[in-house]
Amino acid sequence: VQLQAFGGGLVQAGGSLRLSCAASGRTLSSYAMGWFRQAPGKEREFVARISRSGGSAHYADSVDGRFTISRDNAKNTVYLQMNSLKPEDTAVYYCAADTGSVSAPYYYTAKYDYWGQGTQVTVSS
């Protein structure tokens, strides 16, 4: 499956952005999906995850209550709505697909088999 993340940009602190992750090649409903981010000089970190049906989601403590992950399986797309953005949210954001083949915690990058190319989010103070 090929994943493409888009929707990043420059926004002021307190603002909002919605990221999208479009899939091609396979039906997205086959996979749990995650969003990760990587700031300059830092390791890639977990942001959010949604189950295949969309019935459950998990969030990093740093974004819980501000970010919402959702999916539209009919459109083969996963979203990340980001509100109340902070400068520390600045990073390249990646979407990823979990086929279920790897036994690992959901917040580990190794859990995910397919990755998009990333989209830059910059939050100015």
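Residues numbered from 1 in each chain as written. Predicted model: local features only at pLDDT ≥ 70, side-chain atom pairs only at ≥ 80, totals over all residues. Heavy atoms only, no water.

One finds L3, M33, W35, L80, M82 and Y93 to be the most contacted residues of the largest nonpolar core, which totals 34 residues. Going through the elements one at a time, β1 (2-6), β3 (17-24), β4 (32-38), β5 (45-50), β7 (67-72), β8 (77-82), β9 (91-98) and β11 (119-124) are the ones with two or more residues in this core. Considering each element in turn, this core owes the most residues, 5 residues, to β9. Excluding its chain neighbours within four sequence positions, the residues that come into contact with L3 are C21, A22, A23, L28, M33, C95, A96, A97, Y114, W115, G116 and Q117. (Core = buried A, V, L, I, M, F, W, Y, C linked by side-chain atoms within 4.5 Å. Buried < 20%, exposed > 50% of the residue type's maximum accessible area, 1.4 Å probe, protein only. Helix = DSSP H or I, 4+ residues; strand = E, 2+ residues; numbered from the N terminus. Contact = heavy atoms within 4.5 Å.)

Among the secondary structure elements, R49 is positioned in strand β5. Among the residues examined, R49 registers a relative accessible area of 14% and is labelled buried. Among the polar contacts made by the side chain of R49, one reaches the side chain of D98 at a distance of 3.0 Å. With residues near it in sequence (within four places) discarded, R49 still touches A32, M33, G34, S56, A57, H58, I69, D98, Y106, K111 and Y112. (Polar contact = N/O pair within 3.5 Å; in protein donor to acceptor, adjacent residues only side chain to side chain.)

Quick look at the sheet that holds β7 now. As summarised here, the arrangement of the 4 strands in space is β1-β3-β8-β7, forming an open sheet in which the pairing is antiparallel. The two strands at the open ends of the sheet, each matched to only one other strand, are β1 and β7. Going across the sheet, the axis of each strand differs from the next one's by a mean of 15 degrees, ignoring polarity. Inspection of the sheet shows β7 paired to β8 by 6 bridges, in the antiparallel sense. Along β8, the bridge assignment pairs T68 with Q81. (Pairing = 2+ DSSP bridges. Axes fitted to C-alpha atoms, helices over the stretch in contact; angles between N-to-C directions.)

As a further point, take the side chain of D89. Tracing the backbone shows D89 in the loop between β8 and β9. Of the polar contacts made by the side chain of D89, one reaches the side chain of R37; its length is 2.9 Å. Polar contacts involving the side chain of D89 include one to the side chain of R66, which spans 2.8 Å. If near-sequence neighbours (up to four positions away) are discounted, D89 is found in contact with R37, R66, F67, S84, V121 and V123.

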